[in-house]
Amino acid sequence: MTYCLGILLRTGLILASDSRTNAGVDQIATVSKMSTFETPGERIITVLSAGNLATTQAVISQLKQSYGSGDFHRDMTQSLTLFNAAQKVGDTLREVLNRDASFVKPYGDPAASFLVGGQIRDEEPRLFQVYSAGNFMEASERTPFLQIGETKYGKPILDRLLTLETDPAEAAKLALLSFDATIRSNLSVGPPIDLMVYGKDSLTAEHLHTFDEDDAYLLTLRQGYSQGLRDLVRGLPVPEV
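Undergrad: Give me the lowdown on the nonpolar core, citing residues and values where you can.
TA: Core analysis: the biggest nonpolar cluster contains 23 residues, and Leu5, Ile7, Ile14, Leu158, Leu162, Leu176 and Leu195 have the highest contact counts within it. Of all the elements in the fold, those that place two or more residues in this core are strand 1 (3–9), strand 2 (12–17), helix 3 (155–161), helix 4 (168–185), strand 11 (193–199) and helix 5 (216–235). Ranked by residues supplied to this core, first place goes to helix 4 with seven residues. Not counting residues within four places of it along the chain, the set of residues in contact with leucine 158 comprises Tyr3, Leu5, Phe145, Gln147, Leu174 and Ser178. Membership of the second largest hydrophobic core comes to 21 residues, among which are Ala58, Ala86, Ile120 and Phe128.

Here is the structure:
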C-alpha cells in the first residue's frame, strides 16, 4: 500500500507521496512514487502512483519512454491541457492492464490508481485522480484535495483545515501532518516523503523536497503535533457519565 496526496490551491499545487513498497517483519523496501514530466517554461506534469508496483512501473515507464516522441496517445508533450494528460495516463493504464494483467493476477491484484497534477502554459493549475478503470475526476473548489492509497488516516485534518485559499506553506504543513497520521497508524506507509510545492505559472519542479525519517523538521512537527493534541484534549470538558 502507499499514500499519495494532491492539493489544489488558488496559488498552485501541493503534491506528496510516501516511498514504502513492502512492509514485512523482516523486510522494508522503498521506491519513489512521484514522477515528473517537465518542459521548463511550457509544462510541468507530476504523476503520483499507488497500487500494484508492476502495474504502476509499467505505466510510468511507458509514459517516460514516450515523452517527446510525438506519440499522440502517450506523449505528454502532445497534451494541450491537463485533462488530455490525465486521459493519456488512463489510456496507458488500461493498455497495461489489458496486455499485462495476466502476469500479475496470479500473484495479487493488478489494479493501480494515479494522481495527475500540474500546469500547461496558458492554463490554470489542475489536479486529477485516475481510477483503476482508467476513468478520472478533477479536483475543484468543493473538493480541493484528492488522495489515493491508504487514505483514511490522513483525511480528517484536511477536511477540517484545508481550503482552496490556504497558504502554500500552511498547506504543505497540513500535507505532512496528514502523512504523519497515516504513518503512525499504518505500517504499509512510510518515509521518505516526497513533497512538491508548485507555484502557479512557475512551470518548473524546482520546489521538490524529500523528508527522510530522521528529518529535523519532520521530527519537530510530529512532536509538536502530538503534544498539542494532548494539551487540547486535556483542556476539553469531560462527559457527565
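Read on, since the account is not over.
Undergrad: How would you explain helix 5 if you had to name every residue and give the values?
TA: The end-to-end C-alpha distance of helix 5 is 29 Å, a good match for the 28 Å that 20 residues give at a rise of 1.5 Å each. Its side-chain oxygen 3.0 Å from the backbone nitrogen of tyrosine 217, aspartate 215 forms the N-cap of helix 5.

Undergrad: Could you give an account of a nonpolar patch on the surface, with specific residues and numbers?
TA: A cluster of nonpolar side chains, Leu229, Leu232, Val233 and Leu236, forms an exposed patch at the surface whose accessible area comes to about 370 Å². Its location among the elements puts leucine 236 in the segment after helix 5. Residue classification places leucine 236 among the partly exposed residues on the basis of a relative accessible area of 47%.

Undergrad: Can you lay out the pairing of strand 11 for me, pointing to particular residues and giving the numbers?
TA: Within strand 11, five of the seven residues are buried, which leaves the element mostly enclosed by the surrounding structure. Inspection of the sheet shows strand 11 paired to strand 12 (residues 208–211) by four bridges, in the antiparallel sense. In the sheet register, leucine 195 faces strand 12, and the bridge partner there is histidine 209.

Undergrad: Mind laying out the pattern of salt bridges, listing which residues take part and the relevant values?
TA: Once their charged atoms are close, side chains differing in charge can pair, the charge on each being opposite to the other. One pass over the full model with this rule turns up 14 salt bridges. Here arginine 10 makes a salt bridge to glutamate 141, at a shortest N to O gap of 3.5 Å. Within this pair, whereas arginine 10 is found in the loop between strand 1 and strand 2, its partner glutamate 141 is found in the loop between strand 9 (136–138) and strand 10 (145–149), the two being separated by 131 residues in sequence. Glutamate 165 is the partner of arginine 10 in a salt bridge, and the nearest nitrogen-oxygen pair spans 2.7 Å. One end of the pair, arginine 10, is in the loop between strand 1 and strand 2; the other, glutamate 165, is in the loop between helix 3 and helix 4, with 155 residues separating them in the sequence. The exposure class of arginine 10 is partly exposed, given its relative accessible area of 42%. Three or more residues joined by partner-sharing salt bridges are found here, namely Arg10, Glu141 and Glu165.

Scoring rules and cut-offs
- Residues numbered from 1 in each chain as written.
- Predicted model: local features only at pLDDT ≥ 70, side-chain atom pairs only at ≥ 80, totals over all residues.
- Heavy atoms only, no water.
- Core = buried A, V, L, I, M, F, W, Y, C linked by side-chain atoms within 4.5 Å.
- Buried < 20%, exposed > 50% of the residue type's maximum accessible area, 1.4 Å probe, protein only.
- Helix = DSSP H or I, 4+ residues; strand = E, 2+ residues; numbered from the N terminus.
- Contact = heavy atoms within 4.5 Å.
- Expected span 1.5 Å × (residues − 1).
- Polar contact = N/O pair within 3.5 Å; in protein donor to acceptor, adjacent residues only side chain to side chain.
- Patch = residues over 30% accessible without salt bridge, like charges linked within 9 Å, V, L, I, M, F, W, Y side chains within 5 Å.
- Areas by Shrake-Rupley, 256 points an atom, 1.4 Å probe, with all protein chains shown as cover.
- Salt bridge = Lys/Arg side-chain N within 4 Å of Asp/Glu carboxyl O.
- Pairing = 2+ DSSP bridges.

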